[in-house]
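Examination of the molecular architecture
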Amino acid sequence: PETSKSKKNIFLTKVIGNKNLINISEKKNIKKYIFFSTSAIWVKDYKNYVTEKTKTSPVESYGESKVKAEKDIIYSKLKSWTIFRIPMIVSYKRLGILSILFDFIINNKKIPIINNGKNLVQFIHIDDLSRFVIKSLEINEKQVYNLASNEAVTLKKLFLNLIKSINSKSKLISFRDYGLTYILSILNKIKLSPLNIYHIKMLKFSLAMKTNKITKRYKMQTKIKTSTMLIAALKNYMKKSSKTEHRTEITSPIKMRIIKLLYYLL
């Protein structure tokens, strides 16, 4: 079963699995241990950029498991370790929850946004992440880093950039959140909505990560903007050939479930 759909599997993979790897690495004197954490450890409306010192605030199993895994690494006896705290990883093949947004845009549907979409979002491209991981292998350290695209963009601007990129006729419709996100979270719990609480909070909360610690230490910058990577993924999704190749959980489109009502109504 997919780990993202089972609290038990999330804990087994992210916490117990990580702990097992730590134990093996300690016994084998592994020179470097690298762990991918997540921006899902912060789920509030942040008015300012979060830093590595910002107190964590996870709200679901995935974020909570990453916080626990981080602590196990920090208090381990590993010789050298690096923890990358990253937002959603994107490549031109990335789909998952994005496929719903892409279907709305491709088919010229109206797209609902909450509170005018003023909240900031930020992702990381797999190519940028790979570059920093390779650099990390050369560095002996015990550090936690934020790593994300240099572009933190409002949800509204991101959606408009995507619409413009393919000349879609989609329009944005702004809604006040009068309990809408609460209803969506309930629908997710009873498996009627594909949006979990982290996705829902992303629709209304700002989260942008300050990355100056790692860029100064590694003397590198990320190269690919949040908007650019999403546009590439959208255009790839439009290709018929991209829909027939072998897919994984994060490179497959997902079912809209109850959101399909909005899709047909809008």
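Quick note: structure is the one above.
This text gives an overview of the structure that appears in the document. (Residues numbered from 1 in each chain as written. Predicted model: local features only at pLDDT ≥ 70, side-chain atom pairs only at ≥ 80, totals over all residues. Heavy atoms only, no water.)

1. Points about unusual backbone geometry
Even without a glycine there, the phi angle at Asn-116 is positive, about 70°. Relative to the helices and strands, Asn-116 resides in the loop between strand E4 (111-114) and strand E5 (120-121). Using a relative accessible area of 31% as the deciding quantity, one classes Asn-116 as partly exposed. (Helix = DSSP H or I, 4+ residues; strand = E, 2+ residues; numbered from the N terminus. Buried < 20%, exposed > 50% of the residue type's maximum accessible area, 1.4 Å probe, protein only.)

2. Details of the pairing of strand E1 (residues 33-38)
Strand direction decides the pairing type here: E1 and strand E2 (residues 81-86), joined by six bridges, are parallel. Residue pairing across strands places Ser-37 opposite Arg-85, the latter belonging to E2. For the handedness criterion, the β-α-β arrangement of E1, helix H2 (residues 61-74) and E2 is classed as right-handed. (Pairing = 2+ DSSP bridges. Right-handed = clockwise from strand over helix to strand, strands pointing away.)

3. Concerning the environment of Ser-227
Looking at the secondary structure, you find Ser-227 in helix H9 (residues 226-238). Owing to a relative accessible area of 6%, Ser-227 belongs among the buried residues under this scheme. With 78 residues separating them in the primary sequence, Ser-227 and Ser-149 have C-alpha atoms 9.6 Å apart. Not counting chain neighbours up to four residues away, the residues in contact with Ser-227 comprise Glu-151, Val-153, Leu-158 and Asn-161. (Contact = heavy atoms within 4.5 Å.)

4. Describing the pattern of salt bridges
Here the structure, examined in full by the defined rule, presents seven salt bridges. A salt bridge links Asp-45 to Lys-47; its shortest N-O distance comes to 3.3 Å. Across the pair Asp-72 and Lys-68 runs a salt bridge whose closest N-O atoms are separated by 2.9 Å. Of this pair, Asp-72 and Lys-68 both sit in helix H2, four residues apart, which is roughly one turn of the helix. (Salt bridge = Lys/Arg side-chain N within 4 Å of Asp/Glu carboxyl O.)

5. Things to note about the packing of aromatic side chains
One pass over the structure, following the stated rule, counts four aromatic pairs. Here the aromatic rings of Phe-102 and Tyr-237 are separated by 6.0 Å at their centres, their planes lie at 40°, and the arrangement is tilted. One end of the pair, Phe-102, is in helix H3 (residues 98-106); the other, Tyr-237, is in helix H9, with 135 residues separating them in the sequence. Here Phe-102 and Tyr-237 have matching classes, each one buried. With 6.1 Å between their ring centres and 20° between their planes, Phe-132 and Tyr-218 make a pair best called stacked. Taken together, the residues Phe-132 in helix H4 (residues 126-136) and Tyr-218 in helix H8 (residues 212-218) connect sequence positions 86 residues apart. Here Phe-132 falls in the buried class, since its relative accessible area comes to 0%. Taken together, the ring pairs in this structure connect Phe-132, Tyr-145 and Tyr-218 into an aromatic cluster. (Phe/Tyr/Trp six-rings, centres within 6.5 Å; stacked < 30°, edge-to-face > 60°.)

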